[in-house]
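Letter by letter, the chains look like this.
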Amino acid sequence: MLFFVARRLLYLVPVLIAVSVLTFVIASLLPGDLAYVILGDQATPENVAALRHDMGLDQPIWLRYLGWLWHILQGDFGRSFRTGQTVLQAVSERVPISFELMILAELIGLAIGVPLAIACAAKAGSAFDRFMTGSAFGMLSVPTFLSAILLIYLFAVELRLLPATGYVPFTEDPVANLRFMVLPALTLGLAEWPGIMRVLRSSDMIAALQEDYIALAKAKGLKPSRILFVHALKPSSLTLVTITGINIGRLIGGAVIVESIFALPGIGRLLVGAIYTRDLIILQGVVLLVAAGFVIMNFVVDMLYALLDPRIRHGHA
């Protein structure tokens, strides 16, 4: 197991380097001059040139990248010229909010998708199965922002059960925190359950229900619920791990839209604000940290694979 972990960690190094290169290059190629943005419209060409020299913006891009990477390896991701806040400070303040949103959304997606996948697999080909499969395709075509608007209209405007925007930290008032988080999490969760249901139903559940051990469990007189939720679902654990890991990337992308709509001060809203204000230092740092987090999450998924199926770490699967 240690050799498997060490080998996977070695794979992370070139991936993280490639992520850092792409992050820096894409941010550097964005239109506009950072020195001009910092100094404002009234800046003279001499002042802009001086600031560009002080910030190293007049150097070749590869040299600027090496300098940026060297500072990152020392834990310095830069500082916002707009707020004076370091990237790490800005991210650390907002990560708990985005993390809570993604966890709640994933739990909602699993709570809806897994039971529906089991029910559809148990009644494969029935009218219920066809209806739920069609509904899943329909939900996949609904944009996240449209779901958010509909939920706000229904629960905040018409029923007045939940607040439309805002945020209260969990440590201050857990109940108020959950009230503000329900609609954003539900918006993302509604976008997640169709993929969970379709993949789990089609790839594993139907095949598992046709195995001999399921027939043996039925012959022993086990309850149908135990057969479905224990014996048929257990072989699908790898699929669930895969879907959960892949969904992290989708949730990060969806959080950018959802946090902006519901006014949640998370990572997604920080990114949008950095784009609007052309705060390239915050933009570069946050994108790199988010991308690195996604890569590390895939590494964690690989480790869970190895724990769930020993054949994987021995190279037999």
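Small disclaimer: the values here were computed from a predicted structure and weren't measured. (Residues numbered from 1 in each chain as written. Predicted model: local features only at pLDDT ≥ 70, side-chain atom pairs only at ≥ 80, totals over all residues. Heavy atoms only, no water.)

A closer look at the pattern of salt bridges
Link 1 in the chain: This structure, assessed with the given rule, holds 1 salt bridge.
Link 2 in the chain: Measuring nitrogen to oxygen at the nearest pair gives 3.7 Å for the salt bridge that ties Glu-93 to Arg-94. (Salt bridge = Lys/Arg side-chain N within 4 Å of Asp/Glu carboxyl O.)

Notes on the packing of aromatic side chains
Link 1 in the chain: Under the definition given, this model contains 3 aromatic pairs.
Link 2 in the chain: Between Phe-24 and Trp-68 the ring centres are 5.2 Å apart and the planes differ by 35 degrees, which places this aromatic pair in the tilted class. A residue pair is termed long-range when its members are at least 10 positions apart, and Phe-24 in helix α1 (residues 2–28) and Trp-68 in helix α4 (residues 61–73) qualify at 44 residues.
Link 3 in the chain: With a relative accessible area of 5%, Phe-24 lands in the buried category.
Link 4 in the chain: Through a chain of ring-to-ring contacts, the aromatic side chains of Phe-24, Tyr-65 and Trp-68 assemble into a single cluster. (Phe/Tyr/Trp six-rings, centres within 6.5 Å; stacked < 30°, edge-to-face > 60°. Helix = DSSP H or I, 4+ residues; strand = E, 2+ residues; numbered from the N terminus. Buried < 20%, exposed > 50% of the residue type's maximum accessible area, 1.4 Å probe, protein only.)

Brief notes about unusual backbone geometry
Residues apart from glycine generally show negative phi values, whereas peptide bonds are mostly found in trans.
Link 1 in the chain: Phi at Arg-160 is positive, roughly 55 degrees, even though this residue is not glycine.
Link 2 in the chain: Tracing the chain through its elements places Arg-160 in the loop between α7 (144–158) and α8 (174–209).
Link 3 in the chain: A residue is classified by how much of its surface remains accessible, and Arg-160, at 71% relative accessible area, is exposed.
Link 4 in the chain: In this structure, Ala-263 takes a positive phi of about 60 degrees despite not being glycine.
Link 5 in the chain: Look at Ala-263 and you get partly exposed, because its relative accessible area is 24%.

A look at the nonpolar core
Link 1 in the chain: Among the nonpolar cores identified, the biggest contains 29 residues, and Trp-68, Val-87, Ile-282, Val-286 and Leu-288 are the most heavily contacted of them.
Link 2 in the chain: Looking at this core, the elements that each hand over two or more residues are α1, α2 (34–39), α3 (45–55), α4, α5 (87–122), α12 (267–276) and α13 (280–308).
Link 3 in the chain: Sorting elements by how many residues they give to this core places α13 first, with 9 residues.
Link 4 in the chain: The contact partners of Leu-288, leaving out residues within four places of it in the chain, are Val-19, Ser-20, Thr-23, Trp-68, Ile-72 and Phe-77. (Core = buried A, V, L, I, M, F, W, Y, C linked by side-chain atoms within 4.5 Å. Contact = heavy atoms within 4.5 Å.)

A few points about α12
Link 1 in the chain: Within α12 the residues assigned to the buried category are Ile-267, Gly-268, Leu-270, Leu-271, Val-272 and Ala-274.
Link 2 in the chain: Looking at the residues trailing α12, positive phi occurs at Arg-278, about 55 degrees.

Remember, this is a structural readout, not a statement about activity or role.
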